[in-house]
Amino acid sequence: DTAVSQTPKYLVTQMGNDKSIKCEQNLGHDTMYWYKQDSKKFLKIMFSYNNKELIINETVPNRFSPKSPDKAHLNLHINSLELGDSAVYFCASSQVTGLGGAFFGQGTRLTVV
Amino acid sequence: EDKVVQSPLSLVVHEGDTVTLNCSYEVTNFRSLLWYKQEKKAPTFLFMLTSSGIEKKSGRLSSILDKKELFSILNITATQTGDSAVYLCAVSSNFGNEKLTFGTGTRLTIIP
């Protein structure tokens with residue numbers, strides 16, 4: 001069973017469109033995250049949710065809106081996509097204490113054309 | 001702002017060599033330092049270090065943390081081509097909740 005799963009794996013879309021990426025974890029973790037990895041492979045946190053509550057929002061544009069219907073799911077909706085949004089987006093989860101490290105999903109490669 | 005710096009940025013060695021990867025950090029409310037290996041897809045967890053001077057070991061990989069000098073090293077002995085990957089260092093800070101700040105990674109290439 002996949003611990004942290006994201007869909008879709010690849011997403012190619014035109015500028016100005018709205019798209020969503022879904023994430024689910026079956027590890028029973030309390031905390032979920034979205035990370036963005038740019039073309040230089042730099043991983044940067046975007047959001048953190050703990051038990052459906054937004055904890056961290058790292059100066060991400062308002063066009064990005066995470067939604068957590070329950071603690072096992074954290075979806076990312078992006079409005080009015082821009083070229084600079086092209087990146088790999090990783091979902092991750094961890095226990096609230098974070099002592100086990102974060103487990104990452106396989107990533108969603110978003111390409112905006 | 002929290003900062004994690006890794007060196008070297010890239011490293012090319014021959015199979016069988018030993019390598020040392022470095023990670024230095026400046027964070028508020030340090031909780032732990034983590035090492036990840038990223039091949040083509042998701043980063044996979046290697047080690048978590050919380051205490052200075054205690055080596056964590058897994059096979060040919062080992063890591064140690066120095067909280068006084070604010071750095072960690074990751075050693076890989078008898079390298080194999082399967083060790084080729086980007087190795088990421090991240091620091092966890094108690095920024096209200098769990099938050100990982102990543103370095104830019106070290107790209108390790110093992111030549112057969």
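Now for a look at the structure at hand. Numbers given for residues are sequential positions, taken from 1 along each chain in its written order. Ligands are numbered from 1 and chains lettered from A, in the order in which they are written. Two thresholds apply to this predicted model, a pLDDT of at least 70 for residue-level local features and 80 or more for giving and counting side-chain atom pairs, whereas whole-chain, interface and lining totals are computed over all residues. To get the side-chain values, take all heavy atoms of the structure and skip hydrogens and water.

### A short note on the overall build of chain A
Piece 1. Along its length, chain A carries 0 helices and 11 strands.
Piece 2. The numbering of helices and of strands both runs from the N terminus, where a helix is a DSSP run of H or I of at least 4 residues and a strand a run of E of at least 2. Each helix (α) and strand (β) of chain A, taken in turn from the N terminus, gives the series β-β-β-β-β-β-β-β-β-β-β.
Piece 3. Both definitions apply: the radius of gyration is a C-alpha atom measure, and the globule rule equals 2.2 Å times residues to the power 0.38. For chain A, the C-alpha radius of gyration of 13 Å lies close to 13 Å, the compact-globule estimate for 113 residues.
Piece 4. Each of the three principal axes of chain A carries a C-alpha extent, and together these read 40 × 25 × 25 Å.

### Quick word on the sheet that holds strand S8 (residues 73–78) of chain A
Sheets are built from strands that pair by backbone hydrogen bonding, the pairs being arranged parallel or antiparallel.
All names here are of chain A.
Piece 1. Strand order in the open sheet formed by 4 strands is S1-S3-S8-S7, and the pairing between neighbours is antiparallel. Edge positions in the open sheet fall to strand S1 (4–7) and strand S7 (64–70), since each of these has one partner strand only. Taking each pair of neighbouring strands and ignoring which way they run, the sheet shows an average axis angle of 20 degrees.
Piece 2. Each pair of strands is called paired provided DSSP finds at least two bridges between the two strands. Pairing between strand S3 (residues 19–25) and S8: 4 bridges, direction antiparallel. Within S8, the residue paired with serine 20 across the bridge is histidine 77. Throughout, an axis means a line fitted to C-alpha atoms (over the contacting stretch in the case of helices), and angles, computed between N-to-C directions, take values from 0 to 180 degrees.

### Observations concerning unusual backbone geometry
Piece 1. Cis geometry is adopted by the peptide bond preceding A:Pro8, which originates at A:Thr7 and carries an omega value of -5 degrees.
Piece 2. With respect to the helices and strands, the residue A:Pro8 is situated in the loop between S1 and strand S2 (10–13).
Piece 3. Note that the residue after B:Ser7, namely B:Pro8, is joined by a cis bond; omega there is -10 degrees.
Piece 4. On the secondary structure map, B:Pro8 appears in the loop between strand S1 (3–7) and strand S2 (10–14).
Piece 5. The phi dihedral of A:Asn51 falls on the positive side, at around 50 degrees, and the residue is not glycine.

### Here's the deal with the environment of B:Val4
Residue and element names in this part refer to chain B.
Piece 1. For valine 4, the location among the structural elements is in strand S1.
Piece 2. For the pair valine 4 and alanine 85, spaced 81 residues apart in sequence, the C-alpha separation works out to 19 Å.
Piece 3. Throughout, a contact is declared for two residues whenever any of their heavy atoms are within 4.5 Å. With near-sequence residues (within four places) excluded, valine 4 lies in contact with Cys23, Ser24, Tyr25, Cys89, Val91, Thr101, Phe102 and Gly103.

### Section: the sheet that holds strand S8 (residues 71–76) of chain B
Residues and elements named next belong to chain B.
Piece 1. Pairing in this open sheet of 5 strands is antiparallel, and the strands run S1-S3-S8-S7-S6 from one edge to the other. Sheet topology places S1 and strand S6 (56–58) at the edges, where each strand pairs with a single neighbour. Averaged over all pairs of adjacent strands, the angle between strand axes in this sheet comes to 15 degrees, irrespective of strand direction.
Piece 2. As paired strands, S1 and strand S3 (residues 19–26) are joined by 5 bridges and run antiparallel to one another. Opposite glutamine 6, over in S3, you have cysteine 23 as the bridge partner.

### Quick word on the packing of aromatic side chains
Piece 1. The rule is short: rings of Phe, Tyr and Trp, with Trp giving its six-membered ring, pair when the centres are within 6.5 Å, and they are stacked under 30 degrees, edge-to-face over 60, tilted in between. Tallied over the full model, the rule gives 10 aromatic pairs over all chains.
Piece 2. Centre to centre, the rings of A:Tyr35 and A:Phe104 are 5.4 Å apart; their planes meet at 50 degrees, and the pair counts as tilted. Of this pair, A:Tyr35 sits in strand S4 (residues 31–37) while A:Phe104 sits in strand S10 (residues 103–104), placing them 69 residues apart in sequence.
Piece 3. Only protein chains enter the area calculation, which uses a 1.4 Å probe; residues under 20% of their type maximum are buried, those over 50% are exposed, and those in between are partly exposed. Judged by relative accessible area, which is 8%, A:Phe104 ranks as buried.
Piece 4. Aromatic pair B:Tyr36 and B:Phe102: ring centres 5.7 Å apart, planes at 45 degrees, arrangement tilted. Here B:Phe102 lies in strand S10 (residues 98–102) and B:Tyr36 lies in strand S4 (residues 30–38), a separation of 66 residues in the sequence.
Piece 5. Taking the relative accessible area as the measure of exposure, B:Tyr36 reaches 0% and is therefore buried.
Piece 6. Aromatic rings pair up to connect A:Tyr33, A:Tyr35, A:Phe90, A:Phe104, B:Tyr36, B:Phe45 and B:Phe102 into one cluster.

### Overview of the state of the cysteines
All names here are of chain A.
Piece 1. We call a pair of cysteine sulfur atoms a disulfide whenever their separation is within 2.5 Å. By the definition in use, this model includes 2 disulfides over all chains.
Piece 2. One disulfide bridge connects cysteine 23 with cysteine 91, the sulfur atoms lying 1.8 Å from each other. For the disulfide bridge between cysteine 23 and cysteine 91, the dihedral angle about the S-S bond is near -75 degrees, and by the sign convention the bridge is left-handed. Here cysteine 23 is found in strand S3, whereas its partner cysteine 91 is found in strand S9 (residues 87–94), with 68 residues between them in sequence. Grouping residues by exposure puts cysteine 23 and cysteine 91 together as buried.

### Examining the pattern of salt bridges
Residue and element names in this part refer to chain A.
Piece 1. When a carboxyl oxygen of Asp or Glu lies within 4 Å of a side-chain nitrogen of Lys or Arg, that pair is called a salt bridge. One pass over the full model with this rule turns up 5 salt bridges over all chains.
Piece 2. Here aspartate 30 and lysine 71 are joined by a salt bridge, their closest N and O atoms 3.0 Å apart. On the criterion of sequence distance, the pair formed by aspartate 30 in the loop between S3 and S4 and lysine 71 in the loop between S7 and S8 is long-range, its members being 41 residues apart.
Piece 3. Residue classification places aspartate 30 among the buried positions, given a relative accessible area of 17%.
Piece 4. In this structure, arginine 63 engages aspartate 85 in a salt bridge whose closest nitrogen and oxygen atoms are separated by 2.8 Å. Placement of arginine 63 in the loop between strand S6 (53–57) and S7 and of aspartate 85 in the loop between S8 and S9 is noted, with a sequence separation of 22 residues between them.
Piece 5. What makes arginine 63 buried here is its relative accessible area of 15%.
Piece 6. Take aspartate 85: its relative accessible area is 4%, and that puts it in the buried class.

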